[in-house]
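# A look at the structure
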Amino acid sequence: MQSPLRHGKAAIGTTIAGGALAALSQAPERASRILRHRYPTVAVTGMTGVGKTRLADRLSRRATSQASVDAGSDVGSATMERRTRRNARLRGYRFRVVPGENAATRLGALDEVFHDEPVDGVLHVVANGHATPRRTAGTTGTAAATREQQLAAELEDWSITAHRVASMAVRRERPTWLVIAVTKADLFADDVDAAVRYYSPGSGSPFGDKLDELRALAGGAKLSIDVLPVCAEGGGKKSAMPDKAAAELLNRLELRIAQLCGHV
């Protein structure tokens, strides 16, 4: 006959073992939460030619070679690019740069960042009609497009992205943040305020109306929207925007992202 003492020890051992197994099973989820808190994921979206990769490089403190810049003037990336920014406090961001080409790879990347592994926030890049015109994937040579055509292309591109942003926002409990980054501000340095108004909710502009529709779909409390100008090129001798002014715009964008991610 088994003694009560031995039986009690066995029960305690089973309880401890069960607790250890439970803790181990929860460890990956806990680690994932810590990683997400310290390194939130940001989707960088926008049509081809607006400068998504350049902006992600600047935000992640990654250098972009001149060869890459020159190559980028003809064709954009056909696959999702990943950038990570880290600082000494073990905080940062994981950027997911969605291809701008309207192809299967782009749609697959959109599904990944908004459905399969939903991001914490969205940085949507526009260029006030100054996106670099590009030919279709696989075709070399220069392309031409008017500013009106590029603005229309931005609207079409945003319609595809906005649908996925709304779908993600309504599925989650916590609010989703969206920053519209009006890049290439050095090309319209005298009209930055007008450009920001064009891309703002409630402005009555075609893009503003699209944002109003998105808010209605997602719910005002589910989605925060900021509109900030930025110059990813950093000014320069040929730029109408001084280096200091360009750096200030980039710093404002970085600060707002840090605030939205709870880093400051």
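Residues numbered from 1 in each chain as written. Predicted model: local features only at pLDDT ≥ 70, side-chain atom pairs only at ≥ 80, totals over all residues. Heavy atoms only, no water.

For the chain, an unreviewed UniProt entry supplies the name G domain-containing protein and the organism Nocardioides oleivorans.

Within the chain, the secondary structure is distributed over 8 helices and 6 strands. By the burial criterion, 42% of the 264 residues in the chain qualify as buried. In the form shown here, the chain has an accessible surface area of approximately 14,100 Å², with 55% of it arising from carbon and sulfur atoms. (Helix = DSSP H or I, 4+ residues; strand = E, 2+ residues; numbered from the N terminus. Buried < 20%, exposed > 50% of the residue type's maximum accessible area, 1.4 Å probe, protein only. Areas by Shrake-Rupley, 256 points an atom, 1.4 Å probe, with all protein chains shown as cover.)

A few words on the pairing of strand β6 (residues 223-229). Taken across its 7 residues, β6 has 6 buried, putting it largely inside the fold. Bridging between strand β5 (residues 176-182) and β6 involves 7 bridges; their strand directions are parallel. The residue of β6 that forms the bridge with V179 is D226. (Pairing = 2+ DSSP bridges.)

Moving on, we get to the environment of G49. Mapped onto the fold, G49 is located in the loop between β1 (41-45) and α2 (52-59). Sequence separation between G49 and A127 is 78 residues; the distance between their C-alpha atoms is 8.7 Å. Non-local contacts of G49, meaning those with residues more than four positions away in its chain, are made with A131, T132, R134 and K184. (Contact = heavy atoms within 4.5 Å.)

With the rule as written, the count across this model stands at 4 aromatic pairs. Considering the side-chain rings of Y93 and F95, the 5.9 Å spacing of their centres and the 45° angle between planes classify their relative orientation as tilted. You'll find Y93 and F95 in the same group, each marked buried. Between Y199 and F207 the ring centres are 4.9 Å apart and the planes differ by 70°, which places this aromatic pair in the edge-to-face class. The same class applies to Y199 and to F207, which are both buried. By way of ring pairs, the aromatic residues W158, Y198, Y199 and F207 are connected into one cluster. (Phe/Tyr/Trp six-rings, centres within 6.5 Å; stacked < 30°, edge-to-face > 60°.)

By the secondary structure assignment, K210 is in helix α7 (residues 206-218). Spatially, the C-alpha atom of K210 lies 8.2 Å from that of W158, the residues being 52 residues apart in sequence. The contacts of K210, once residues within four sequence positions are left out, are L155, W158 and S159.

Moving on, we come to the pattern of salt bridges. Inspection of every chain in the model, using the stated rule, returns 8 salt bridges. Among the ionic pairs, E254 bridges to R61, the shortest N-O distance being 2.4 Å. You can see E254 sitting in helix α8 (residues 243-260) and its partner R61 sitting in the loop between α2 and α3 (66-72), a full 193 residues away along the chain. Residue classification places E254 among the buried residues on the basis of a relative accessible area of 12%. The exposed category is assigned to R61, whose relative accessible area is 54%. Here R174 makes a salt bridge to D120, at a shortest N to O gap of 3.0 Å. (Salt bridge = Lys/Arg side-chain N within 4 Å of Asp/Glu carboxyl O.)

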